[in-house]
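What the coordinates show
These are the residues of each chain, in order.
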Amino acid sequence: MPDEPARTFDLLIRGGSVFDGNGGEARMADIGVHDDRIAEIGELSGANAGAVIDAAGMAVAPGFVNVLSHSYITMLHDGRSLGELKQGVTTQVFGEGYSMGPIRQETQRWLQKWEPDLTYEVNWLGLREYLEAAEKNGVAQNVASYIGATTLRMFVAEEADRPLTSGEMETVRSLIRDEMSAGAIGIGSSLIYPPAFFASTEELIDMCRAAAPSGGRYISHMRSESEGLLDIGLDELTRIAREAGVPAEAYHLKAAGKDAWHLMEPAIACIEDARARGLAITADMYTYTAGATGLSNCIPPWYHDGGQAALIQRLQDPLLRTQIRETIEGGASASWENLYLRGGTPENILVLQVRNPELRWCQGKTLGQIAAQRGTHPIETIFDLVTEDRSRITTAYFMMSEENVKLGLKQPWVSLGSDSPSTAAEGEFLKRSTHPRAYGNFARFLGKYVREEQVVPLGEAVRKMAALPADNLGLKDRGRLEPGRFADIVVFDAETVSDRATYDDPHQYAVGVRDVVVNGRLALRDGEFAGNYPGRALRASSA
């Protein structure tokens, strides 16, 4: 009989240690890709391909999913998303409270001015239209999004501290139904920040109920991550999941502040108990002991009523200014998350990004250093900087313990999210500092916590970065290396993969990730951008 013709693929990955994403050990195999899908996995020595990757000595895994990304604008400026791509991330997910739709025209105009150093065009009003615009603009990675609960609230009530009316809630439910039918993942909230802080639990349940028929999920920066982690944060999260009938996830699970570190173990026990009772509760984390948010969020939320301009006006009133300072100095409170105290000292509060060029000298300095140079009290320095910069001022807060980071990463229901915009170590991005997680979150997990500290085996680590989040998010045919699934693939050296970014010098790419395939096309080849933008707008499945 004549010999069978050699099998031909568009892309062939030869001889790698293949981790399929299910959590087990690797097996030696080849992977054949046709169009955007994995066609075959096995012994393919006789096959031909238009492009061949020699993966001998390398780990081959499904592409990693960044559950918490803030790259919605930075990816429009630079679709390569190199800081993430060089870590093996193939999908970025947005929606921590804010989403790129649904928005009104006045918000559209505000977004166009939001990142003055970057070049982009805001030409959408709906979330679906934003995701399609990103794909059309050209992105190296897939993008998906929750609907931001803050965005929904602002659509009908702007930044007012009040309950929504029944008519406003009906508008919100209609917006949710429209965006869910277009493939949004669910509802995302950020409850320590105004105006999200002004929403009641009942309002959030109502939103999630509107999303539930389309397979909606709920994800939240919980109302408390410190003293109220258990009886405020997790209690509310599980109540929303139970009463709305939706899966729920805690963003960046942590016990913030030294006096709350002892709550990490009970928090994990609470989630385990909820899961045992049939609730689909999960969490994600970043691999650092410092979080990052606005310096302005040291100010109690109710003083933000009406938005940033109203806050700045209050800060210029001597009586109100004294009142705000006294509230901050008053200590921990269950009524709000006192970030100034969470860090312990002003030296644990690090300014990362300002907008005012005259304040750029503050970037990379601690609040204590800035206050000393200015000769003002640290709290007064916060007020002055927020007023002068007219922005929230991105700031790192050193609040978590290393032991708790490792404890959280061990949990089988914890995936990873950078909680950061993607950046590149070049161009306009170099005008500002950033949290090192923008360049290192996934690589740090693989290098420090998996290889060096052996917190979890490598196969389990791959599952936590790929299959687990893909399943939680309803991203059909993503997260595993199996025939018929989309070819999102990362080839990396398990012996050398590591983060390089630091707080002092954050603009450094991770090392050890060599090749990244997105939807069957090379996005990273031999550690360098391959010139392709194969990312797509992903729609969640209700299945």
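In short, a report on the structure. Bear in mind the structure is a predicted one, so any value in this text is a computation, not a measurement. (Residues numbered from 1 in each chain as written. Predicted model: local features only at pLDDT ≥ 70, side-chain atom pairs only at ≥ 80, totals over all residues. Heavy atoms only, no water.)

On to the sheet that holds strand S9 (residues 147–148). Strand order in the open sheet formed by six strands is S9-S10-S11-S12-S13-S17, with parallel pairing between adjacent strands. The open sheet has two edge strands, S9 and strand S17 (414–416), and neither has a second partner. Sheet topology note: the strand S11 (residues 217–221)/strand S12 (residues 248–250) ladder contains three bridges and is parallel. Bridging across to S12, Tyr 218 finds its partner in Ala 248. Docked against the sheet, helix H8 (residues 229–244) engages S11, S12 and strand S13 (281–285), running at close to 165° with respect to S12. (Pairing = 2+ DSSP bridges. Helix = DSSP H or I, 4+ residues; strand = E, 2+ residues; numbered from the N terminus. Contact = heavy atoms within 4.5 Å. Axes fitted to C-alpha atoms, helices over the stretch in contact; angles between N-to-C directions.)

Under the 1.5 Å per step criterion, the end-to-end length of H8 is 21 Å for 16 residues, consistent within 8% with the ideal 22 Å. Maximum bend of H8: about 30°, positioned at Asp 235. Turning to H8, its buried residues are Leu 229, Gly 233, Leu 234, Glu 236, Leu 237, Thr 238, Ile 240, Ala 241 and Ala 244. On its buried face, H8 sits against helix H7 (201–211), S11, S12, helix H9 (264–276) and S13. Once H8 ends, the next one or two residues include Gly 245, with phi positive near 70°. (Expected span 1.5 Å × (residues − 1). Bend = angle between axes of the 7 residues up to and from the residue. Buried < 20%, exposed > 50% of the residue type's maximum accessible area, 1.4 Å probe, protein only.)

This part covers the packing of aromatic side chains. Enumeration over the complete set of coordinates arrives at 13 aromatic pairs. On the basis of an interplanar angle of 25° and a centroid distance of 5.6 Å, the ring pair of Trp 110 and Trp 114 is categorised as stacked. Take Trp 114: its relative accessible area is 24%, and that puts it in the partly exposed class. With centroids separated by 6.2 Å and ring planes inclined at 80°, the aromatic side chains of Phe 197 and Phe 198 adopt a geometry described as edge-to-face. Look at Phe 197 and you get buried, because its relative accessible area is 18%. (Phe/Tyr/Trp six-rings, centres within 6.5 Å; stacked < 30°, edge-to-face > 60°.)

All right, on to the sheet that holds strand S7 (residues 89–94) then. Judged by pairing direction, the sheet is parallel, and its three strands sit side by side in the order S6-S7-S8 without closing on themselves. One side of each edge strand has no neighbouring strand; the edge strands of this open sheet are strand S6 (64–66) and strand S8 (142–145). Strand after strand, the sheet turns through a mean of 20° between neighbouring axes, direction not considered. Pairing of S7 with S8, which is carried by four bridges, proceeds in the parallel orientation. Bridge pairing in S8 places Phe 94 opposite Ser 145.

Next up on the list: the pairing of strand S2 (residues 27–34). In the sheet, strand S1 (residues 8–18) pairs with S2 via six bridges, with the strands oriented antiparallel. Paired with Val 18 across the strands is Arg 27, a residue of S2. Alignment of S2 against strand S3 (residues 37–42), held across five bridges, turns out to be antiparallel. Its bridge partner lying in S3, Asp 30 is registered against Gly 42. Linking S2 to S3, which pair antiparallel, is a turn of two residues; within it Asp 35 sits at a positive phi near 55°.

A few words now on the nonpolar core. Grouped together as the largest cluster of nonpolar side chains are 100 residues, with contacts concentrated most on Tyr 130, Ile 176, Ile 187 and Tyr 218. Apart from the residues within four sequence positions on either side, Tyr 130 is in contact with Tyr 72, Leu 76, Phe 94, Met 100 and Trp 124. Membership of the second largest hydrophobic core comes to 32 residues, among which are Cys 298, Tyr 303, Ile 324 and Val 351. (Core = buried A, V, L, I, M, F, W, Y, C linked by side-chain atoms within 4.5 Å.)

Turning next to the packing of helix H10 (residues 308–315) against helix H14 (residues 378–389). Relative to each other, H10 and H14 sit at 130°, their axes nearing to 10 Å. One finds that H10 runs oblique with respect to H14. For the pair H10 and H14, the sense of crossing is left-handed. Mapping the contact onto sequence places Leu 311, Ile 312 and Leu 315 in H10 and Phe 383, Val 386 and Thr 387 in H14. Partitioning the contact of H10 with H14 into residue classes produces five nonpolar, one polar and no charged. (Parallel < 35°, antiparallel > 145°, perpendicular 65-115°, else oblique. Left-handed = near helix turned anticlockwise from the far one by under 90°. Nonpolar A, V, L, I, M, F, W, Y, C, P; charged D, E, K, R; others polar.)

What follows deals with the environment of Ala 310. Secondary-structure assignment places Ala 310 in helix H10. Of the residues examined, Ala 310 reaches a relative accessible area of 18% and is grouped as buried. In the structure, Ala 310 is positioned 151 residues away from Glu 159 in sequence and 10.0 Å away in space, judged by C-alpha atoms.

Before going further, it helps to examine unusual backbone geometry. Residue Pro 102 is bonded to the preceding Gly 101 through a cis peptide linkage, with omega at 0°. Tracing the backbone through its elements, the reader meets Pro 102 in the loop between S7 and helix H3 (105–112). The linkage connecting Pro 194 with the following residue, Pro 195, adopts the cis geometry, with an omega of 0°. Secondary-structure assignment places Pro 195 in the loop between strand S10 (186–190) and H7.

Summed over the entire model, instances satisfying the criterion amount to 40 salt bridges. Arg 325 is the partner of Glu 380 in a salt bridge, and the nearest nitrogen-oxygen pair spans 3.3 Å. Here Glu 380 is found in helix H14, whereas its partner Arg 325 is found in helix H11 (residues 318–329), with 55 residues between them in sequence. Among the residues examined, Glu 380 registers a relative accessible area of 18% and is labelled buried. Measuring nitrogen to oxygen at the nearest pair gives 3.8 Å for the salt bridge that ties Arg 525 to Asp 515. (Salt bridge = Lys/Arg side-chain N within 4 Å of Asp/Glu carboxyl O.)

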